[in-house]
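# Examination of the molecular architecture
Spelled out from the first residue to the last, the chains are:
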Amino acid sequence: MYAVFKRELYSFLSSMVAYITIGVFLLVSGLLLWFFPDTSILDYGYAEMGGFFSLVPYLFMFLIPAITMRSLAEERREGTYELLITRPITLWQIILAKFLASLVLVFFALIPTLVYYYSISKLGFSEGNIDSGAVIGSYIGLFFLGATFTAIGIFASSLTKNQVIAFVICAALCAFAFLGFDYTSQVSAFSSFQSNILSFGINQHYTSMSRGVLDTRDLLYFISFTMLFLWFTRLTMGGKR
């Protein structure tokens, strides 16, 4: 499993795809946080990162599909998929190795954003006047959100050998999982079940964690959602095997 994990991670880091993808993510998040008037924290005037954490999930809908689209699709396109699944390694070990390698890249993408926290802390009046507890909780929520989207991306990559199709499927599934239940709950026919429908969506649980509240129900939700799509991947690979 470690050999597959290391190979997958090195294949990302040895290509320009990972660097360009992460670079674009950091550039866009930086412009949205500091430059564009509607979202600039300098115009907002308060030393807090709520705006950043509300924007990143939408950036994740493009960043993570770009990272995961090649995980299994490229193996099938290059003809190494058959070689991989006949090695003395279980399907679960293959899936987890690729999932963890992609998640490490997502983690690498988040590390530079700590500069935003440091900058805002220095700009606060007085210096350091920022709710660090809420920021830590938000980063934890963002990491779990990234893990969930990564699991969806691995599943999408297992469905096809075309990376572009895998990207589109993953982006669509991530968008629906994050926003679909919110829009569905607003339909008048489902008004009596609004709270129940909202509880199935990622947005409600992520918003709860973004306030710095680490509820075990939210953590279990993200873990369960992640394992569900990894299980879907296992079913897909098992059927093709």
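Counting from 1, residues in each chain are numbered in the order their sequence is written. Residue-level local features of this predicted model are given only where pLDDT is at least 70; pairs of side-chain atoms are given and counted only at 80 or more, and the full residue set underlies all totals for whole chains, interfaces and linings. Values shown for side chains rest on all heavy atoms present in the structure; no hydrogens or waters enter the calculation.

## A few points about the packing of aromatic side chains
Here the distance between the centres and the angle between the planes together describe a pair of aromatic rings. Convention followed: Any Phe, Tyr or Trp ring, taking Trp's six-membered ring, that has another such ring centre within 6.5 Å forms a pair; planes under 30 degrees apart are called stacked, those over 60 apart edge-to-face, and the others tilted. Helix and strand assignments follow DSSP, with helices taken as H or I runs no shorter than four residues and strands as E runs no shorter than two, numbered in order from the N terminus. Partly exposed residues are those whose accessible area sits between 20% and 50% of the maximum for their type, while under 20% is buried and over 50% is exposed, using a 1.4 Å probe and protein chains only.
Scanning all chains against the criterion turns up 15 aromatic pairs. With a centroid separation of 5.1 Å and an interplanar angle of 90°, the aromatic rings of phenylalanine 53 and tyrosine 139 are classed as edge-to-face. Pair noted here: phenylalanine 53 is in helix α4 (residues 50-68) and tyrosine 139 is in helix α9 (residues 132-158), with a separation of 86 residues, a long-range link. Take phenylalanine 53 and tyrosine 139: they sit in the same class, and that class is buried. Ring geometry for tyrosine 221 and phenylalanine 225: centres 5.7 Å apart, planes at 50°, overall tilted. Within this pair, tyrosine 221 and its partner phenylalanine 225 are both found in helix α13 (residues 216-240), separated by four residues, close to a single helical turn. A relative accessible area of 13% means that tyrosine 221 is categorised as buried.

## Description of the side chain of serine 29
Heads up, the condition is: Definition of a polar contact: a pair of N or O atoms within 3.5 Å, with one able to donate and the other able to accept a hydrogen when the atoms are protein atoms, and with sequence-neighbouring residues admitted only if both atoms are side-chain atoms. The contact rule is simple, with two residues in contact once any of their heavy atoms fall within 4.5 Å.
Here serine 29 is to be found in helix α2 (residues 16-34). Taking relative accessible area as the criterion, serine 29 reaches 3% and is therefore assigned buried. A polar side-chain atom of serine 29 sits 3.0 Å from the main-chain carbonyl oxygen of leucine 26. What serine 29 contacts, discounting residues up to four positions off in sequence, is Phe52, Leu59 and Tyr116.

## Describing helix α12 (residues 202-210)
Buried residues dominate α12, accounting for seven of its nine residues. Every buried residue of α12 is listed here: Ile202, Asn203, His205, Tyr206, Ser208, Met209 and Ser210.

## Thoughts on the confidence of the model for the chain
The following threshold applies: Residue-level confidence of the predictor is what pLDDT reports, using numbers from 0 through 100.
Across the chain, pLDDT averages 81, with 85% of residues at or above 70. Per-element mean pLDDT across the chain ranges from 66 in helix α3 (residues 41-44) up to 90 in helix α7 (residues 91-110).

## So, the packing of α2 against helix α8 (residues 114-123)
Quick note on the threshold: For every element, the axis is a line fit to its C-alpha atoms; helices are fit only across the contacting stretch, and the angle between N-to-C directions ranges from 0 to 180 degrees. Every angle not falling under 35 degrees, over 145, or within 65 to 115 is termed oblique; those three ranges are roughly parallel, roughly antiparallel and roughly perpendicular. Two helices cross in a left-handed way if the nearer one is turned anticlockwise from the farther one by less than a right angle. They cross in a right-handed way if the turn is clockwise. Under the scheme applied, nonpolar residues are Ala, Val, Leu, Ile, Met, Phe, Trp, Tyr, Cys and Pro; charged residues are Asp, Glu, Lys and Arg; polar residues are all the others, including Gly.
As a packed pair, α2 and α8 sit with axes 12 Å apart at the nearest point and diverge in direction by 20°. It follows that α2 is roughly parallel to α8 by the angle criterion. By crossing handedness, the relation of α2 to α8 is classed as right-handed. Here Leu26, Ser29, Gly30, Leu33 and Trp34 of α2 come into contact with α8, specifically with Tyr116, Ser119, Ile120 and Leu123. In the contact of α2 with α8, the residues fall into six nonpolar, three polar and no charged.

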